[in-house]
Amino acid sequence: MTTPTRRTSPEEPSFESVIKKLVEKDEKLTSSDIAALSLAEPEERVTFRRYWPEVPAERKAHLLGRMVELAEDDANLDFSSLYRMMLDDDTPVVRTAAIQGLWENEDPSLIRKLMPMMQSDPDAGVRAAAAEALGRFSMLAEYGKLSPEAAETLSKSLLSVFEDSGEDIDVRRRALEAASYLSRPEVREAITDAYDSDDPGLRASALFAASRNLAPSWLETLLDETVSELPELRYEAAVALGEYEDERGVPQLIRLTEDDDAEVRMAAITALGKVGGRDAKRQLEELTHSENEAVREMATESLEDISNTSRLLSGEIEAPLIQPESEEPEEGAEWDEETYAG
C-alpha cells in the first residue's frame with residue numbers, strides 16, 4: 001500500500017486560508033483548495049477544530065462529498081484525521097458522511113468510536129452507517145487481525161443491536177450484516193432468526209449475511225429463494241450464490257438472467273462470472289449478443305472474470321501482491337496495543 005504524501009508548492013493554498021475561505025458562505029472552494037486539507041498536521045487540526053463549528057451545515061456536507069470524491073480519484077489525498085473530528089459534528093448528515101469517508105480505514109481504534117455511535121447516536125441513519133462500517137472490523141477479526149477480546153466485544157455489540165426489537169429496522173439489518181463475517185454459532189443463529197422473521201428486509205439481510213458467512217448449510221435455502229416472489233430476495237440469493245461459487249447454483253442463475261427485475265438479472269450475470277464452469281460460460285457468451293447494452297457489457301465483464309480465474313489457477317498469471325496495512329495508528333488517534341493482534 002502506498003503511503004499518501006503531502007504535496008507542497010508555493011502556488012498551493014495554505015490549510016488555514018482554505019479553512020477561513022470555507023467559513024465564508026459565498027467563497028467557492030476549488031479542487032486545489034480541498035486538496036490542501038489532505039494529511040493535516042497537528043497544528044492544522046487545531047485550526048480546523050476551531051473554525052469547523054462556524055461552517056454552515058449545507059457547506060459542511062458539500063465539502064465532505066467533494067473530499068470523498070477527490071480522494072477516490074487521487075490516492076495521495078488523505079482526509080482521515082479530519083473525518084475523525086467530523087464524527088462529533090452536530091449535524092447527522094455530516095456524521096454519516098464522515099463515517100463513509102473513513103470507509104477504507106482499518107485502524108482498530110475506530111472501533112471504540114463507531115460502537116457508541118451505533119448504540120446511542122440520536123439519528124437512526126448515523127447508527128446504521130456506524131453499524132455498517134463496523135463490518136470491515138468483523139472481517140479483520142475473522143482473519144485474526146484483532147485480538148480475541150476485541151473480536152468478542154465487537155460481536156456482542158453488533159448482535160445486541162440486532163436483537164433489540166425496539167431499534168430501527170435498518171440499524172438492526174446493518175448490525176447483522178456487519179457481524180456476519182464472523183464464523184461463530186451465535187452469529188449463524190442470528191442469521192437464521194432474521195431469515196425466519198416476517199419482515200422482508202430482515203429476510204433479505206439474512207441472505208446477504210449468508211453471502212459473507214458462507215456456511216454450507218445455507219446453500220439449499222439460497223437455491224430455493226431464487227424463485228421467491230420478492231425481487232429483493234431473488235437479488236440477494238443471486239449475489240450470495242456468486243459468493244459461494246458452487247456450480248449447483250448455475251441453473252438457477254441462468255434462469256435469473258431472464259428475470260423480470262433488471263437488478264436481479266445483473267446480479268445473476270455477475271454471479272455466473274464468479275461461479276464459472278462450462279454452462280455459465282455458454283450462457284454468458286449468449287448474453288454478449290443481447291439487445292440490451294447493459295446486459296452485453298456485464299456479460300463481457302463476467303466472461304473476463306472467468307478467464308482471469310482460469311489463468312490464475314493454471315499459473316499463467318500470478319495473484320497480485322497485497323501489501324500489509326500499516327500497524328501504526330493515525331497520529332492523534334486513541335490507541336490500545338491489545339486491540340490489534342495482526
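Look a little higher up for the structure.
Residues numbered from 1 in each chain as written. Predicted model: local features only at pLDDT ≥ 70, side-chain atom pairs only at ≥ 80, totals over all residues. Heavy atoms only, no water.

## Regarding the overall build of the protein chain
Move 1: Within the protein chain one finds 19 helices and 0 strands.
Move 2: Across the 342 residues of the protein chain, 46% fall into the buried class.
Move 3: Here the contacts in the protein chain between residues at least 6 apart in sequence split such that 64% fall between residues at least 24 apart.
Move 4: For the protein chain, the exposed surface amounts to about 18100 Å²; the carbon and sulfur share of it is 47%. (Helix = DSSP H or I, 4+ residues; strand = E, 2+ residues; numbered from the N terminus. Buried < 20%, exposed > 50% of the residue type's maximum accessible area, 1.4 Å probe, protein only. Contact = heavy atoms within 4.5 Å. Areas by Shrake-Rupley, 256 points an atom, 1.4 Å probe, with all protein chains shown as cover.)

## Quick notes on the pattern of salt bridges
Move 1: This structure, assessed with the given rule, holds 17 salt bridges.
Move 2: The salt bridge partner of D33 is K21, with a shortest N-O separation of 2.8 Å. Taken together, the positions of D33 in helix α2 (residues 31–35) and K21 in helix α1 (residues 15–23) put the pair 12 residues apart, joining distant regions of the chain.
Move 3: A residue is classified by how much of its surface remains accessible, and D33, at 7% relative accessible area, is buried.
Move 4: Between R203 and E225 there is a salt bridge, and its shortest N-O distance comes to 3.1 Å. Here R203, found in helix α13 (residues 200–213), pairs with E225, found in helix α14 (residues 219–225); they are 22 residues apart in sequence, far enough to count as distant. (Salt bridge = Lys/Arg side-chain N within 4 Å of Asp/Glu carboxyl O.)

## Considerations on the environment of Y235
Move 1: Locating Y235 in the fold gives a position in helix α15 (residues 231–244).
Move 2: Here Y235 falls in the partly exposed class, since its relative accessible area comes to 30%.
Move 3: A sequence separation of 24 residues divides Y235 from D259, and the C-alpha atoms of the two residues are 9.9 Å apart.
Move 4: When neighbours within four sequence positions are excluded, Y235 is seen to be in contact with E263, V264 and A267.

## What to know about the packing of helix α12 (residues 185–195) against α13
Move 1: The N-to-C vectors of α12 and α13 enclose an angle of 150°; their axes lie 7 Å apart at closest approach. Note on packing geometry: the crossing formed by α12 with α13 is left-handed. Contact residues: α12 offers V187, R188, I191, A194 and Y195, while α13 offers L202, R203, A206, L207, A209 and N213.
Move 2: Its residues placed into classes, the contact of α12 with α13 shows 8 nonpolar, 1 polar and 2 charged. (Axes fitted to C-alpha atoms, helices over the stretch in contact; angles between N-to-C directions. Left-handed = near helix turned anticlockwise from the far one by under 90°. Nonpolar A, V, L, I, M, F, W, Y, C, P; charged D, E, K, R; others polar.)

## Quick word on a negative patch on the surface
Move 1: The grouping of E293, E297, E301, E304 and D305 at the surface amounts to a negative patch.
Move 2: Tracing the backbone shows E304 in helix α19 (residues 293–314). (Patch = residues over 30% accessible without salt bridge, like charges linked within 9 Å, V, L, I, M, F, W, Y side chains within 5 Å. Lys, Arg positive; Asp, Glu negative; His and termini not counted. Charge placed at Lys NZ, Arg CZ, Asp CG, Glu CD.)

## Regarding the nonpolar core
Proteins that are soluble and globular tend to have nonpolar side chains buried together.
Move 1: Core analysis: the largest hydrophobic core is formed by 98 residues, its most contacted members being L82, M86, I99, L114, L134 and F137.
Move 2: Residues within four places of L82 in sequence aside, it is in contact with F15, L37, A40, R45, F48 and M67. (Core = buried A, V, L, I, M, F, W, Y, C linked by side-chain atoms within 4.5 Å.)

## Some details on helix α17 (residues 262–275)
Move 1: In this model, α17 (14 residues) spans 20 Å end to end at C-alpha, consistent with the 20 Å of a helix rising 1.5 Å per residue.
Move 2: When α17 is considered as a whole, its buried residues turn out to be V264, A267, A268, I269, A271, L272, G273 and V275.
Move 3: N-cap assignment for α17: the residue whose side-chain oxygen lies 3.0 Å from the backbone N of E263 is D261.
Move 4: Positioned one or two residues after α17, G276 has a phi angle of 75°, which is positive. (Expected span 1.5 Å × (residues − 1). Polar contact = N/O pair within 3.5 Å; in protein donor to acceptor, adjacent residues only side chain to side chain.)

## Here we look at the environment of V295
Move 1: As for its position among the elements, V295 is in helix α19.
Move 2: Relative accessible area serves as the criterion here: at 7%, V295 is assigned to the buried category.
Move 3: Distance in space between the C-alpha atoms of V295 and M266 is 7.1 Å, their sequence separation being 29 residues.
Move 4: Once residues within four sequence positions are removed from consideration, V295 is found in contact with M266, I269, L287 and S290.

## Some words on helix α7 (residues 111–120)
Move 1: Buried within α7 are the following residues: I111, L114, M115, M117 and M118. Mapping the buried residues of α7 onto a view down its axis gives an arc of 165°, with all of them on the same face.
Move 2: The elements touched by buried residues of α7 are α6 (92–101), α8 (124–133), α9 (135–142), α10 (148–163) and α11 (169–179). (Arc of directions from axis to C-beta.)

## Points about unusual backbone geometry
Move 1: Phi at L214 is positive, roughly 60°, even though this residue is not glycine.
Move 2: Mapped onto the elements of the fold, L214 is located in the loop between α13 and α14.
Move 3: Classification of L214 by relative accessible area gives partly exposed; the value is 40%.
Move 4: Residues other than glycine seldom take positive phi values, yet E245 does so here, at roughly 55°.
Move 5: Mapped onto the elements of the fold, E245 is located in the loop between α15 and α16 (250–256).

## Considerations on the packing of α6 against α8
Move 1: Between α6 and α8, whose axes approach to 9 Å, the crossing angle comes to 10°. Between α6 and α8, the crossing angle belongs to the class labelled roughly parallel. For the pair α6 and α8, contact is made by P92, R95, T96 and I99 and by G125, V126, A129, A130 and A133, respectively.
Move 2: Of the residues belonging to the contact of α6 with α8, the class tally is 6 nonpolar, 2 polar and 1 charged. (Parallel < 35°, antiparallel > 145°, perpendicular 65-115°, else oblique.)

None of this, on its own, says anything about what the molecule does.
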